[in-house]
Amino acid sequence: PLVRAAMPLTTNPEIPADLPSDPAAPAAVSLPPDPLADPVDDDVPDSAEYSALIAAARAADLSDVERREILRAGEVDAKGRPCLVVVGAKFDNSEFDKEKLLQLFCLLLDDVAHEPYSVVYFHGGVGWWTAPPLLWLVRSVGRLPRRMRKNVACVAVVHPTNWVRAAMVVLWPWLSAKVEEKLVIADRLDELWLDGVVNKTEFTMPPEAVEFEAEQVCFIVAGRSGATSRGAVQGKNLTLGCSAR
């Protein structure tokens, strides 16, 4: 943290500048380091539960979860840090093992979580019937090692709903004390680069997020103009200049 030099109590030239300090004056207080700048102590071992979780992940066949592309690694944020992309629209409570999803999440982050990293979660298109259960989210976050929770530099939530806000309230006690400074809420895709989360030309937007935003724009435009033709609106450039796979 920035420490400013103390201003002199007087500028009177008749008072010597080398007067002894007042012995009754309180001693200087040493401020604690900034938690955001304080690196995680890698000597602190992971819990036995997490060690078992990551061992199971390395031994498991996670191909069925990988094919769904709910999680995508390989992206970087605007500062060049590793970035994990989470596409909520591809989550389905009934069709796969959620434990495998957590294993894949840990497997993708285990090697990079020793240094700062970012997570971008796209919530557009998630219905209450497909959203992950809050109890499962709480238990999953509690199983993550301290370094993984501490070293997350930015968590961006795109197209949030009331369900997302409720989930953040429930998960708050398990997150870092500085999570509020790391959290970015983006109602539109372009806010990701306007807020300095990612670079517009270097980050690949999930097609589901682009399509969801296009549908929202169609709905708003149709409501304002009374238009009933969706195709006319979709013909416009609604991708906000981002690429989609």
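Every value quoted in this text rests on a predicted model; they were computed, and no experiment measured them. (Residues numbered from 1 in each chain as written. Predicted model: local features only at pLDDT ≥ 70, side-chain atom pairs only at ≥ 80, totals over all residues. Heavy atoms only, no water.)

Participant: Would you take a moment to explain the pairing of strand β1 (residues 71-76) for this structure?
Facilitator: Within a regular beta strand, the side chains point alternately toward one face of the sheet and then the other, so they alternate between its two faces. Two elements, β1 and strand β2 (residues 82-87), share four bridges in a ladder whose sense is antiparallel. Residue pairing across strands places glutamate 75 opposite cysteine 83, the latter belonging to β2. Between β1 and the antiparallel strand that follows it, β2, lie five residues; glycine 80 among them carries a positive phi value of about 80°. (Pairing = 2+ DSSP bridges. Helix = DSSP H or I, 4+ residues; strand = E, 2+ residues; numbered from the N terminus.)

Participant: What should I look at first to understand the nonpolar core in this one?
Facilitator: A general trend in soluble globular proteins is that nonpolar side chains are found buried together. In this structure, Leu71, Leu101 and Met148 are the most contacted members of the largest nonpolar core, which totals 34 residues. Elements with a contribution of two residues or more to this core: α1 (48-59), β2, α3 (98-110), β3 (117-122), α4 (134-143), β4 (152-158) and α6 (162-171). For this core, the leading source of residues is α3, giving six residues. If you look at the next biggest cluster of nonpolar residues, it comprises 19 residues, including Cys83, Cys154, Trp193 and Val210. (Core = buried A, V, L, I, M, F, W, Y, C linked by side-chain atoms within 4.5 Å. Buried < 20%, exposed > 50% of the residue type's maximum accessible area, 1.4 Å probe, protein only.)

Participant: I would appreciate a short explanation of empty space enclosed by the protein in the present structure.
Facilitator: Rolled over the atoms, a probe sized like a water molecule indicates the empty space that remains. Within this structure, the stated rule accounts for one cavity of 30 Å³ or more. By volume, the largest cavity amounts to about 910 Å³. Along the walls of the largest cavity sit 35 residues, with Phe105, Val119, Leu137, Val141 and Leu171 positioned nearest its centre. Secondary-structure elements contributing two or more residues to the lining of the largest cavity are β2, α3, β3, α4, α5 (146-150), β4, α6 and α7 (179-182). A per-element tally of the lining of the largest cavity places α6 first, with five residues. Its residues assigned to classes, the lining of the largest cavity comprises 30 nonpolar, three polar and two charged. (1 Å grid on protein atoms, 1.4 Å probe; cavity = no way out; pocket = protein on both sides within 12 Å on 5 of 7 lines; lining within 4 Å. Points joined across faces, edges and corners; volume = space filled by probe spheres on them. Nonpolar A, V, L, I, M, F, W, Y, C, P; charged D, E, K, R; others polar.)

Participant: I would appreciate a short explanation of unusual backbone geometry in the present structure.
Facilitator: Note: most peptide bonds trans; most residues except glycine with negative phi. Even without a glycine there, the phi angle at glutamate 69 is positive, about 55°. Along the chain, glutamate 69 turns up in the loop between α2 (63-68) and β1. Overall, glutamate 69 belongs to the partly exposed group, its relative accessible area being 47%. Within the chain, histidine 159 stands out as a residue other than glycine whose phi angle is a positive 55°. Here histidine 159 is to be found in the loop between β4 and α6. Residue class for histidine 159 comes out buried when judged on its relative accessible area of 7%.

Participant: How should I be thinking about the sheet that holds β3 in this particular structure?
Facilitator: Hydrogen bonds between backbone groups are what pair the strands of a sheet, and the pairing can be parallel or antiparallel. Judged by pairing direction, the sheet is mixed, and its five strands sit side by side in the order β1-β2-β3-β4-β5 without closing on themselves. On the outer flanks of this sheet lie β1 and β5 (183-186), each paired with one strand and no other. Looking at each pair of strands side by side, their axes are set apart by 20° on average, direction ignored. By the bridge criterion, four bridges tie β4 to β5 in an arrangement that is parallel. Bridging across to β5, valine 158 finds its partner in alanine 186. (Axes fitted to C-alpha atoms, helices over the stretch in contact; angles between N-to-C directions.)

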